[in-house]
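For reference, the chains in residue letters:
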Amino acid sequence: MMTTRLEPKDKLDTVAASAVVVNGPEDVLDWHAIDWRACEGHVRRLRQRIFTASQAQDHKRVRNLQKLMLRSRSNTLLAVRRVTEVNAGRLTAGVDGRIVLDGQDKAALADVIQRRQQPWQARPVKRVSIPKADGRRRPLGIPVIVDRVLQARVTAALEPEWEARFEPRSYGFRPGRSCLDAIQAIFSTVKGRNPVRRWVLDADLKAAFDRIDHSHLLGQLGGFPAREQVADWLTAGVVEQGRFTPTEEGTPQGGVVSPLLLNVALHGMEHAAGVRYRTVGSDGAASVPGSPVLIRYADDFVVLCRTRNEAMQVRARLAAWLTPRGLAFNEDKTRVVDLDEGYDFLGFNVRRYRGLLLIKPSKTAVRRIRERLRTEVRAPRGSNAAAVIARLNPIIRGWAAYYRTVVSSEIFTMLDQYLWKLVYKWARHSHPNKPTSWVVARYFGMFNRSRQNKWVFGDRDSGAYLQKFAWTRIVRHQLVPGTASLDDAALADYWNTRRRRPRMQPPVDRTTQQLLDSQQGRCHYCGEFLLHSDRPPQTPREWEQWYGGLRKAVDHNAISLRQDGSPHDPRLRLLHTHCHRRATGKTAGQNTARQRPTGLA
């Protein structure tokens, strides 16, 4: 993919990209010199003010603060950085074929958006299809780069208003919440020998993103200042294989603002299902005895009920509630089951065994990871061991990090045995004329000194070695209480404490953990958190991307007593991948951190 620069004749506006102005004709923006912590602080404080006003139901103040957020330069800069550096789709172009990678282009893009006076006309999204686990394909709509930035700006203004309104057990695509909160909420509700709620409505919505009713959604937004802009995105249409199709319903799955709009459209589902709460301590989200419990992650949800009849009644009420929103159950995948029969949710299997509730990785998830490991080991045949290790380690770490909060020890051990067979076959295939003893001596040994295991697969030249699933310690996830939100200024201490707790830390090797502790969890280059508590990884693949997004680098300006480049070089620092790209892309003579060849082992 080629990078298209923002030229003076671009449709966005006529602007000299070589002289990007911020406050005045002499204030030229240097993308690499932006104080990102100051920008984050300004946007965070604005979000907190919107949240507080929304809690107080001061709608006039909410709208005024949202207008201020939409005009905020810090918000624009963070939106550009999110879309062009952080998001996984930064290298995917929309219908205009444009991506933005160069710092000068990012500065120009931010300046054009910030200065633009006329309303922006939304471009159609590019429709692409990605394979789903069941063999079908999921349609994604890829907006153009400008629409993505504008959507990120709008999200920052709209999200804190709704964070003050969303229901307690909504966990999908919300700051500070994740799939693991949804799973822990299920465990907390039905644990014990004799749970009250033993019947489960295991629900699936049919193409929720594609069928949301526009008029109902816009009605939910009320007087939001960017409401017309949201309406423009909803009706911009799609282009698939060069053919344009108008959109009369749905929000494109792939747009930055789409997950938030889905949550807005589904707000009120708990109340419709008959869920009732009572105030208990600081939680404020304890269910009234006898009330059903609905736990939702985006468009996936389960309802825990006392009887089968109650579950069927809840299903009927929700079906009627979904209709005006343009949504409906997928009848083939929606069912009412007993906990003894079990069900799958978000890649986990929830089931009672002899009166004891156990949550494990689902059989489907285990089958997928085995297939993935097999494919990844076979792909680099002909390469060296270091290439195999580099491909597999983020996958292993990511999958283990996602499933480390449930009953996974036996499955971790089974996967380690399966992976050992795969890498052993790879080694024998790479050296068909060598005896077994030679192959074992070359590729297996006690590479990890902290583990008494001489059968670890590794590379003798670099010292890199293959991780094991079983090295990830099983920990119980700590559930986010009630309606707690990152935008609530009163809970700042709670979130800071939560971030520092050991069980909330990502499973990493000892050196990386020492670096995280010494850097207080922040990137050495930009000063922002390496693992954002406001956007924790949501899936095994996102955890994998996070591990792949860490870089160990040597700060050549740091004072060091050791210059041998050993793995414990005290000059080692942790950086984001996008920060490393910026650092190594600077001109000579600037203060940069240069990457070590070992990477994140």
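The notes below deal with the structure included here. Note that the structure is predicted; figures quoted are calculated from it, not measured.

**Description of the pattern of salt bridges**
Logical step 1: In this structure the tally under the stated criterion is 20 salt bridges.
Logical step 2: Across the pair R174 and E163 runs a salt bridge whose closest N-O atoms are separated by 2.8 Å. Highlighted residues: R174 in the loop between α5 (145–163) and α6 (179–190) and E163 in helix α5, separated in sequence by 11 residues. With respect to burial, R174 and E163 carry one shared label: buried.
Logical step 3: R335 is the salt-bridge partner of E341, the closest N and O atoms lying 3.3 Å from each other.
Logical step 4: Here the salt bridges do not stand alone but share partners, grouping R198, D338, D340 and R352 into one network.

**What to know about the packing of aromatic side chains**
Logical step 1: Counting across every chain of the model gives 22 aromatic pairs.
Logical step 2: Ring centres of F173 and Y297 lie 5.7 Å apart, and the angle between their planes is 45 degrees; on these two criteria the pair is classed as tilted. One end of the pair, F173, is in the loop between α5 and α6; the other, Y297, is in strand β8 (residues 293–297), with 124 residues separating them in the sequence.
Logical step 3: Accessibility expressed as a relative area gives 7% for Y297, which makes it buried.
Logical step 4: Taken together, a centroid distance of 4.8 Å and an interplanar angle of 90 degrees make the contact between Y402 and Y403 edge-to-face.
Logical step 5: Look at Y402 and you get buried, because its relative accessible area is 3%.
Logical step 6: Relative accessible area serves as the criterion here: at 3%, Y403 is assigned to the buried category.
Logical step 7: An aromatic cluster of three or more residues is present, and its members are W420, Y424, W426, Y443, F444, W455 and F457.

**A short note on the sheet that holds strand β12 (residues 348–353)**
Logical step 1: One open sheet holds the 3 strands; their spatial order is β11-β12-β13, and the pairing between them is antiparallel. At either margin of the open sheet sits one strand with a lone partner, and together these are β11 (343–345) and β13 (356–361). Neighbour to neighbour, the strand axes of the sheet diverge by 30 degrees on average, direction disregarded.
Logical step 2: Where β11 meets β12, 3 bridges bridge the pair, whose relative direction is antiparallel. Within β12, the residue paired with D344 across the bridge is N349.

Parameters at a glance
- Residues numbered from 1 in each chain as written.
- Predicted model: local features only at pLDDT ≥ 70, side-chain atom pairs only at ≥ 80, totals over all residues.
- Heavy atoms only, no water.
- Salt bridge = Lys/Arg side-chain N within 4 Å of Asp/Glu carboxyl O.
- Helix = DSSP H or I, 4+ residues; strand = E, 2+ residues; numbered from the N terminus.
- Buried < 20%, exposed > 50% of the residue type's maximum accessible area, 1.4 Å probe, protein only.
- Phe/Tyr/Trp six-rings, centres within 6.5 Å; stacked < 30°, edge-to-face > 60°.
- Pairing = 2+ DSSP bridges.
- Axes fitted to C-alpha atoms, helices over the stretch in contact; angles between N-to-C directions.

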